[in-house]
Amino acid sequence: MIDLYGYGPSLIRGAGVTVAVALCAMVVAIIMGLIGAAGKMSRSRVARFAADCYTTIVRGIPEIVLLLLVYWGTQQLIQDTAAGLGYDIRVDLPPFKSGALTLGFIYGAFATEVFRGAFQAIPRGQIEAARAAGMSAFKSFHRIQLPQMWRFALPGLGNVWLVLTKATALISLIHLTELMRSSNIAVGVTKKPFTFYAVAALMYLSLTIVSMIALHFFEARANRGIRAGLN
């Protein structure tokens, strides 16, 4: 059926929610990655230790466990704490915000290593020359390191984005009606699992292909001046 037994529009809306969650989570991942990379490259032992703990713990725990811990576990913890203080409250965390923040926090650990490698790929001589010319650490970072860092980081960030986009399917477990949950609802009503899961797979694949085309475009633009110089 063209409209997939009436659930075609629902799947499209679910795909839109999936993209929105992935974009929000990617922004969080980039922020966490920059903070984590700064911590790993810091001269402070405390900052390095905190960054190492962040990447080790987050990468060592399955995404689904962290997602359920943040969403269901946090709600229960707040309610139990309030009950211990004599208050009877019910906490309902927003699934969209909880899912986006949790995925962003998780993949920020992977982005941390991407950014650290990108910063380390910048020739040290350029930074030393900037300091010798009288640039402050902030100016050196803003004018020399940051613009070049993105060129080195884009391929790694692209991989993080592709994996993160597929991981949004886990958010169906916290009752956010994104693509996977929309498919599950349709399957439950129509009893057509192959049809709807195949359509969901094709939609995820389409998102991946579009993302790869966009990433290739951005990488080409980032390296345009470098390639021209080499030629």
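About the criteria used
Residues numbered from 1 in each chain as written. Predicted model: local features only at pLDDT ≥ 70, side-chain atom pairs only at ≥ 80, totals over all residues. Heavy atoms only, no water. Core = buried A, V, L, I, M, F, W, Y, C linked by side-chain atoms within 4.5 Å. Buried < 20%, exposed > 50% of the residue type's maximum accessible area, 1.4 Å probe, protein only. Helix = DSSP H or I, 4+ residues; strand = E, 2+ residues; numbered from the N terminus. Contact = heavy atoms within 4.5 Å. Expected span 1.5 Å × (residues − 1). Bend = angle between axes of the 7 residues up to and from the residue. pLDDT = per-residue confidence, 0-100. Phe/Tyr/Trp six-rings, centres within 6.5 Å; stacked < 30°, edge-to-face > 60°. Salt bridge = Lys/Arg side-chain N within 4 Å of Asp/Glu carboxyl O.

S.K.: So what's going on with the nonpolar core? Residues and values would help.
M.R.: By size, the foremost hydrophobic cluster in this structure holds 34 residues, and its most contacted members are Leu103, Tyr107, Phe115, Met149, Ala153, Leu157 and Ile171. Secondary-structure elements contributing two or more residues to this core are helix H1 (8-40), helix H2 (45-60), helix H3 (63-84), helix H4 (95-121) and helix H6 (137-167). By residue number, the principal contributor to this core is H4, which donates ten residues. The contacts of Met149, once residues within four sequence positions are left out, are Leu34, Phe115, Ala118, Phe119 and Ile122. Among the nonpolar cores identified, the runner-up in size contains 14 residues, and Ala15, Met180, Phe196 and Val199 belong to it.

S.K.: Break down H6 for me, citing the residues and quoting the values.
M.R.: Taking 1.5 Å per residue as the helical rise, H6 with its 31 residues ought to reach 45 Å, whereas the 37 Å between its terminal C-alpha atoms falls clearly short. Within H6, the axis deviates most sharply at Ala153, by approximately 50°, and proline Pro155 lies no more than four positions further along.

S.K.: Give me the confidence of the model for the protein: which residues, what numbers.
M.R.: A residue-level look at the protein finds 96% of positions with pLDDT of 70 or above and a mean pLDDT of 89. Here helix H9 (residues 224-230) stands out as the least confident element of the protein, with mean pLDDT 55; H1 is the most confident, with 96.

S.K.: Tell me what's going on with the packing of aromatic side chains, and back it up with residues and numbers.
M.R.: Counting across every chain of the model gives seven aromatic pairs. Ring plane angle 55° and centroid distance 5.0 Å describe the contact between Tyr54 and Phe105, whose orientation is recorded as tilted. Linking Tyr54 in helix H2 with Phe105 in helix H4, this pair joins segments that are 51 residues apart in sequence. A relative accessible area of 37% places Phe105 in the partly exposed class. Every member of this aromatic cluster is reached through a ring pair, and the members are Tyr5, Tyr7 and Phe196.

S.K.: Let's hear about the pattern of salt bridges: which residues, and what values?
M.R.: In total, this model carries five salt bridges according to the counting rule given. Among the salt bridges present, the one from Glu113 reaches Arg116, with a minimum N-O distance of 2.9 Å. With Glu113 and Arg116 both in helix H4, this residue pair falls three residues apart, about one helical turn. Its relative accessible area of 22% is what places Glu113 among the partly exposed residues. With a relative accessible area of 26%, Arg116 lands in the partly exposed category. Each of Lys40, Asp52, Arg59, Glu113 and Arg116 takes part in a single network of salt bridges with overlapping partners.

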